[in-house]
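Residue-level structure breakdown
Listed here are the chains, written in short residue letters.
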Amino acid sequence: MPSQPGFFNKVVSYIGTLPIRLGMNYDSVRWSPARGKVVHTAPSDLKREQTPADRWELLRLMRYLDKNNGFVSAYVNAHLTYGVGDGFRYQPLTGNPAWNAQAKRYVEGVMNRPELTGRFNGVQFTKTAGKAQIIDGDIFFVKTRHPQNGMPCVQAIEAHRVRNPSGRPPEEKWIDGILFDPIGRPVTYAVQQDDGSFTFYGAGSVIHLYELDRFTGARGISRLQVAVSTLRDRAEVLSAEKLAVKELSRRTFTLKSQDGEFDPSDAGIMGRTPVRPSTGQTTANDVASAFGGLAIALGPNESLEAFEHNRPNMNVLGMLDFLDRDAANSTGISSDFLP
């Protein structure tokens, strides 16, 4: 009967099969102390990987950047300028001229005020919807008719209003404000009102505008989300550099001395020494008040030098340019595309 392998041989045998058992035949999955740990959930459907909390935080960050970041403003304006411009022109091309003219008048009438409130024309509506998709990641439109003239129109629902309703049966599969059926089709959309209550719309009456990343996704997120960290870093670096420039610009001279004190006898050269009665001492401010301007007398081992600084630092400017390019490239466009 053959002898059983020893414990050491068992360990060696097991370690020898680790690359096969753990899938480490790919260099990209091998652990290395030279690289940081990747934090990510286990692979799953996008609707589960993209949690409502993640999307909500990205929505908050993107709306902040939209209000305060020049790169985001340039990115949005460039896309809307090239994508929408001064609007669309409708030109029916059937063989019936009368029908073409009638269809054109109808479409232009609808697009004159396509949104329920009547506050936006076609160009404004398209640009606003495009910006919402860029910043928020998605936007919703409820198909309806104008209560006064019966013309078809839509009611815009912004991304922050579509949320999971509270108090629903657990068997209902709500995912980030959308109820899905067992095969993954959207059935109902929950829209939160100002008082906290919810209004429910069937999927047939809702247009969900977003850019699909994967088949298993439920909601859209901003394309700029890849650049959020870079844009925040850039803003902080630029703010710190501007603060340093302001602080250094206030300094014009540097007085070097052994003890760093203003000697009261230095003011005697002006003919009289202003002495503060309460303390019997003289300060630089006392001299300036008495004689106007700044009077400085240098003693032994003292020197007055003009202060010069090298801010803004050219290395920092180069870093800001790199961050701009990195942010643009992460969105799939060249930084040269932006103004």
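Note: the structure precedes this text.
In this report, we go over the structure that sits alongside the text.

The next point concerns the sheet that holds strand 5 (residues 186–192). Taken in spatial order, the 4 strands make up an open sheet running 3-4-5-6, and their pairing is antiparallel. Among the strands making up the open sheet, the edge pair consists of strand 3 (174–175) and strand 6 (198–202). Of the strand pairs in this sheet, strand 5 and strand 6 are connected by 5 bridges, and their pairing is antiparallel. In the sheet register, Ala190 faces strand 6, and the bridge partner there is Phe200.

Turning to the layout of surface pockets, a few remarks are in order. Volume-wise, the largest pocket comes out at about 530 Å³. Together, 25 residues line the largest pocket, and Thr128, Ile139, Ala156, Ile157 and Glu158 are the ones closest to its centre. Going through the elements one at a time, helix 4 (52–68), helix 7 (122–135), strand 1 (138–145), strand 2 (152–157) and strand 5 are the ones with two or more residues in the lining of the largest pocket. Among the elements that make up the lining of the largest pocket, the one with the highest residue count is helix 7 (6 residues). Looking at side-chain class alone, the lining of the largest pocket contains 11 nonpolar, 6 polar and 8 charged residues. What the second largest pocket holds in volume is close to 460 Å³. Element by element, the count of residues in the lining of the second largest pocket is highest for helix 5 (residues 70–83), at 4 residues.

The next subject is the nonpolar core. Counting residues in each nonpolar core, the largest one holds 17 residues, and the members touching the most others are Val72, Leu224 and Leu231. Those elements that place two or more of their residues in this core are helix 4, helix 5, helix 7, helix 8 (228–249) and helix 10 (314–330). The dominant element in this core, judged by the number of residues it contributes, is helix 5, at 5 residues. Counting 12 residues, the second largest nonpolar core, distinct from the first, contains Phe140, Val162, Val191 and Val206.

Rules used in this analysis
Residues numbered from 1 in each chain as written. Predicted model: local features only at pLDDT ≥ 70, side-chain atom pairs only at ≥ 80, totals over all residues. Heavy atoms only, no water. Pairing = 2+ DSSP bridges. Helix = DSSP H or I, 4+ residues; strand = E, 2+ residues; numbered from the N terminus. 1 Å grid on protein atoms, 1.4 Å probe; cavity = no way out; pocket = protein on both sides within 12 Å on 5 of 7 lines; lining within 4 Å. Points joined across faces, edges and corners; volume = space filled by probe spheres on them. Nonpolar A, V, L, I, M, F, W, Y, C, P; charged D, E, K, R; others polar. Core = buried A, V, L, I, M, F, W, Y, C linked by side-chain atoms within 4.5 Å. Buried < 20%, exposed > 50% of the residue type's maximum accessible area, 1.4 Å probe, protein only.

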